[in-house]
Amino acid sequence: MSLIPYRRNHNVFANYYNPFRMMEDMEREFFGEQRNGSFSTDIRETDTEYVLEADLPGFKKDDINIDINDNTLTIHAERHSQHEDKDQKGNYLRCERSYGSFSRTFGLDGVDTNAIRAGFENGVLTLTMPKLVVQQPASRRLEIE
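This section reports on the structure supplied with the text. (Residues numbered from 1 in each chain as written. Predicted model: local features only at pLDDT ≥ 70, side-chain atom pairs only at ≥ 80, totals over all residues. Heavy atoms only, no water.)

Turning to the sheet that holds strand S5 (residues 100-107), a few remarks are in order. Reading across the sheet, the 3 strands line up as S3-S4-S5 and stay open at both edges, with antiparallel pairing between neighbours. For this open sheet the edge positions go to strand S3 (64-69) and S5, each flanked by a neighbour on one side alone. For this sheet the average axis-to-axis angle between neighbouring strands, irrespective of direction, equals 15°. Strand direction decides the pairing type here: S3 and strand S4 (residues 72-79), joined by 6 bridges, are antiparallel. Looking across to S4, one finds that Ile 64 is bridged to Ala 77. (Pairing = 2+ DSSP bridges. Helix = DSSP H or I, 4+ residues; strand = E, 2+ residues; numbered from the N terminus. Axes fitted to C-alpha atoms, helices over the stretch in contact; angles between N-to-C directions.)

In this section: the sheet that holds strand S2 (residues 49-55). Judged by pairing direction, the sheet is antiparallel, and its 4 strands sit side by side in the order S1-S2-S7-S6 without closing on themselves. The open sheet has two edge strands with one neighbour each: strand S1 (41-45) and strand S6 (117-121). Sheet twist, expressed as the average angle between the axes of neighbouring strands with direction ignored, equals 15°. Two strands pair when backbone bridges link them, and S6 and strand S7 (residues 124-130) are joined in this way by 5 bridges, in the antiparallel orientation. Its bridge partner lying in S7, Ala 118 is registered against Leu 127.

A word on the pattern of salt bridges. Per the stated rule, a full pass over the model turns up 2 salt bridges. A salt bridge links Arg 44 to Glu 53; its shortest N-O distance comes to 3.8 Å. In this structure, the salt-bridge partner of Lys 131 is Glu 45, at a minimum N-O distance of 2.6 Å. Here Lys 131, found in the segment after S7, pairs with Glu 45, found in strand S1; they are 86 residues apart in sequence, far enough to count as distant. Using a relative accessible area of 21% as the deciding quantity, one classes Lys 131 as partly exposed. The exposed category is assigned to Glu 45, whose relative accessible area is 54%. (Salt bridge = Lys/Arg side-chain N within 4 Å of Asp/Glu carboxyl O. Buried < 20%, exposed > 50% of the residue type's maximum accessible area, 1.4 Å probe, protein only.)

Note that every value here comes from positions in space, so none of it alone points to a role or purpose.
So, in structure tokens, the structure goes:
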């Protein structure tokens, strides 16, 4: 099972000088992970399942989409800004809460994708993903005719 976040840039030149990666790293260090359009997740493993918990504070259940496609799971959440209307009245002095799209993608190797369950409570999305049970071929003895 590999519930490691999916990375699109599997590149043989990843260890070479890349000014764009350096800028992304610098931005990540300065602003933190939330500025990259992602959110924090914890993944636990038991004998029978994987449990993914994603922090999505301030989101409504209707703002979250979970898609499974080609053995990958994508969690996409979008929060709309409400301060533009209020800002015209001059009520805001400072707005620091993030608005926009947030997305993470995970590989689902070893997961029974038909049995995944999702719940959302107190700003935490919980996905329970049963492990894929590989059916061992039944052994039998053939009689000689």
